[in-house]
Amino acid sequence: MTQPASPTPALPYPALHASHSGIWLCGSDGVSRAIGKGEAIGCVAETPHILLNAPLMGQRLGYPDLSGLDLLELFAFIHPAQFVVPTPVGLAKVLGLEPPEREADIAAFYRLAASHLLAGLQAGHWPEREGAWSSAQALYRLRWPWAGEVSKRLKKPDEKERWLFSKLEEWEEETPRPAPRTVTMDENATLAQLGKLTGEGSEERAGQKRYAAAVSGIFSPRRVKGTPNMLLAEAGTGIGKTLGYLAPASLWSAKAEGAVWISTFTKALQRQLDRETRRIYPDEETFRKKVVVRKGRENYLCLLNLEDALQGGFTGRAAILAHLVARWAVYSKDGDMIGGDLPGWLPTLFRRNGATALTDRRGECVYAGCPHYRKCFIEKSARASQQADIVIANHALVMVNAARGTLGREQNAPTRLIFDEGHHLFDAADSMFATRLSGQEAIEIRRWVIGPESRNRGRRRGLAARLADLASYDDEGGRAIESARHAAEAMPGDGWLQRLAESEPSGPIEALLGEVRHVVFARDESQSADAGYGLETELTAIEGPMIDAVAGAAGAIDALLKPLVRLGKRIEHLIEESPDWMDGPARARMEGALSSLGWRCDTLSGWLALLSRIGGPADPDFVDWMMIERFEGREYDIGICRHWLDPTIPVTEVVTKPAHGLMITSATLKGGGDWETARARSGAVHLNQAVQEFEVPSPFNYAKQAKVIIVTDIKRGDMAALAGAYARLIEASGGGTLGLFTAIRRLRTVYARIADRMAQNGLPIYAQHVDPIDTGTLVDIFRDDPKASLLGTDALRDGVDVPGNSLRLVVMESVPWPRPNILHKARRLAGGGSAYDDRIIRARLAQAFGRIIRRADDHGHFIILSSAFPSRLLSAFPDGTPVERMPLDRALAEIKEAKSKTVQYGLSPDTSFGHDSAQGSSI
């Protein structure tokens, strides 16, 4: 981090810090004092104050419009693409300053940190200097609060600065990579590669060696077409499975000159793999060629959207965000805005105002028609993956590409795949291969075809604008575009929800959605209508007006599908014919449009298939229902849904069978059950031959490192008792607590009741769905502060990796029962009734328990606040883990004792944790 060239003079601005425990103001004279909410709001409304994370501080003050001199915005300008935990302590660590010892000192620290950051602008060595002066001038015109102070410290460069669009490197076309060579894998060579990656003198792990040897089998030559070498592997936490499969994967890639795709479910594991693969290719240039991270295009910055935003497409705060994102893009590794090196907290500082418009979320890319096509982050990543040895993707991308046939059309379509976090494969497939005919989906197709119909922020282009040259030079193509544009007018438009609420639908699709809304409300027996929850009902016994509405909607969808299909065929013909007007860029643009057209045609065809089944016999492979989605009583979507009863059927056909070698692995692949569960959830049951199965338990000593406590005296539904239990548990542990909830409403209620109390005891607490901070940043904050606690829902159950003392207590507020919706009830009926529920619950418990022990010196408690916890679910926990039922007071005493041992003596791996499983009332 850049250090100031000389002592930093204090800035003439006051600073404000607000938390649940109090509010402090440090004046321009450097004197701090505690103040009340009313005075704080009055001060910040009149004078710019230095602060940290304005949306979060505004929430603490009850003043959502709070703005000022946000230190995080200044950091993002000065050090783009650099990581910082957005807390006073996190900022102090990065800047090399002493963190404030008391909360009363934080406001004064803000003034010091601001001076330190600004002094860095005049330092002799500032790596991110290029482009800063030009960006500061633009931000000054936009009245960015920091622009005046920044501009005073920046000298106008002698020569015109190279900025974003001139500085980014262009990608180059490369010769298609040949198909992989046929090679055989030697177990000794695999183990030698593993030893090289783990390093000399590293801990000997017999389980890791056996795992690596088992994985090498998927790289053997395939024997039968349509039947890959498939391995299901459950490797307990601490085995080191990442390096265990990277060893054979990198060895095969080097010998066969082919690519291995490694798919994850969470962005956290993608980042971990990005780090671990550097062991294989320590040279930076080689690493960038050999390892590529692939995500869906909606994750990446769209340069054309950014250019539009910088040239006036955005106004106000959104325009400021665009300029800070432009600063980041120059120094970004790959332009990944979601989970990459763009700070996750940056869009939230602007209430996500404009951030989504900077990516291509609607499939409106013009490909070679874009002036930045040769520098496009998305195209660069796609082309780099065609030459890479290791491609780090995610389940969603693999499923999307497989469903749309993209993988098969790419050069070097992956034939060797490793699905890590494989217990999520079923859910990823369920989402990908579903059909959803809803108002929100339909209005997006209308906008994709027609283009902007109102003054929306961002760049919106209709089909005619994206294919203007085709419409100009080819009459048949032009007529197809015009027919599609006319037919798209039958899709729902702006204000459709209001029209349905008033029973005045416009067009056949809105008429169908209006009937859906009427039927769902009429059949609701859940008592949820008045409570504001979402509603659903089975798609059965349909008659009368609904049948007529279905016929009208099907006609409208077919009227749109036909010209789009004609347009696709015309584009294919023109690509083959290559008329004089179709140069290289036009060809690339046509090929891109063809892919986008295929996606929309598949969607419309799925809708027609769904509607054609209404009124007829049920298809046993699918589950269909009607729904109204609501949030806090407000309707935001209405539609008809279709899901596969078993979504691994399409996965097996489009992903598994074309592969030559494939592994599905996880620490909880069996979900606390048996191999039958793993085979069913992975789709292995649909192959013609048996797959290989491998299991290696965790090396951790759970009998000494962890304990499960089932608290017996918290009455279900007693929110006061539940909140009190959370508060007392967090206090007993001194923070370091991850609280997991099965309902957002209960999470918010508990947080509201205990947040002030925790803060006053010096134990900061954060909450998903409450704090205006993205989930990844919340985990970063939690990991960085051993006294902090974090409350959350499903996303935190198995997406959190916090080894060490920062996580020593996990508390679940109840048994994580599956939500009894229509889809779950259908799968429960097909999957064995209550046994199906138990498999899901055991998997969730195993994933949640896995947060506690991440390395050999970790210790912790796993608390369940449910006296009715069924004993049959205890198999979810690793063998030997002590489990005991006890009242809350006794649980608190145990946790306090464990904390005392940690503070006074430290815990060694040999320290016994809780009672021996054969003693007392242990289960």
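Please refer to the structure higher up on the page.
Residues numbered from 1 in each chain as written. Predicted model: local features only at pLDDT ≥ 70, side-chain atom pairs only at ≥ 80, totals over all residues. Heavy atoms only, no water.

Enquirer: Quick question: what am I supposed to make of the nonpolar core here?
Expert: Among soluble globular proteins, nonpolar side chains are generally buried collectively. Residues Ile50, Leu71, Phe77, Trp146, Val150 and Leu301 are the most contacted members of the largest nonpolar core, which totals 81 residues. With 11 residues, the single largest contributor to this core is helix 15 (residues 316–331). Residues within four places of tryptophan 146 in sequence aside, it is in contact with Leu11, Ile50, Leu69, Asp70, Leu71, Leu74, Ala114 and Leu118. By size, the runner-up hydrophobic cluster in this structure holds 57 residues, among which are Ile445, Ile481, Val516 and Leu539. (Core = buried A, V, L, I, M, F, W, Y, C linked by side-chain atoms within 4.5 Å. Buried < 20%, exposed > 50% of the residue type's maximum accessible area, 1.4 Å probe, protein only. Helix = DSSP H or I, 4+ residues; strand = E, 2+ residues; numbered from the N terminus. Contact = heavy atoms within 4.5 Å.)

Enquirer: Looking at this model, I keep getting lost on the sheet that holds strand 6 (residues 229–235). Mind explaining?
Expert: Pairing between the strands of a sheet comes from backbone hydrogen bonds, and it takes one of two forms, parallel or antiparallel. Strand order in the open sheet formed by 7 strands is 8-9-7-10-15-6-16, and the pairing between neighbours is parallel. Among the strands making up the open sheet, the edge pair consists of strand 8 (291–293) and strand 16 (692–696). Pairwise comparison of adjacent strand axes, ignoring direction, gives a mean angle of 15 degrees for this sheet. Direction of pairing for strand 8 relative to strand 9 (residues 390–394): parallel, over a ladder of 3 bridges. Within the sheet, the bridge partner assigned to valine 291 lies in strand 9 and is isoleucine 390. In the packing of helix 30 (residues 675–682) onto the sheet, the strands contacted are strand 6, strand 15 (661–666) and strand 16, and the crossing angle to strand 6 comes to about 125 degrees. (Pairing = 2+ DSSP bridges. Axes fitted to C-alpha atoms, helices over the stretch in contact; angles between N-to-C directions.)

Enquirer: Would you mind going over the pattern of salt bridges with me for this structure?
Expert: For the structure shown, the criterion picks out 49 salt bridges. Taking the shortest distance from any N to any O, the salt bridge between aspartate 105 and arginine 102 comes out at 2.9 Å. Taking the relative accessible area as the measure of exposure, arginine 102 reaches 52% and is therefore exposed. Each of the salt bridges in this network shares a partner with another, and the network as a whole consists of Lys707, Glu884, Arg890 and Glu894. (Salt bridge = Lys/Arg side-chain N within 4 Å of Asp/Glu carboxyl O.)

Enquirer: Before we go on, may I ask you to explain the environment of arginine 613 in this structure?
Expert: Residue placement: arginine 613 occurs in helix 28 (residues 584–613). Considered as a pair, arginine 613 and aspartate 624 are 11 residues apart in the sequence and their alpha carbons are 9.6 Å apart. Here the side chain of arginine 613 touches leucine 539 through a polar contact of 3.3 Å, landing on its backbone oxygen. (Polar contact = N/O pair within 3.5 Å; in protein donor to acceptor, adjacent residues only side chain to side chain.)

Enquirer: Explain the pairing of strand 21 (residues 809–812) here, please?
Expert: Sheet faces and side chains relate simply in a regular strand, where the side chains alternate between the two faces. Side chains of strand 21 alternate between two faces, with Leu809 and Val811 and Val810 and Met812 buried alike. As paired elements, strand 18 (residues 737–740) and strand 21 share 4 bridges and run parallel to each other. Paired with leucine 738 across the two strands is valine 810, which belongs to strand 21. In this structure, strand 21 lies alongside strand 22 (residues 860–864), joined through 4 bridges in parallel fashion. The residue bridging methionine 812 from the neighbouring strand is isoleucine 864, located in strand 22.

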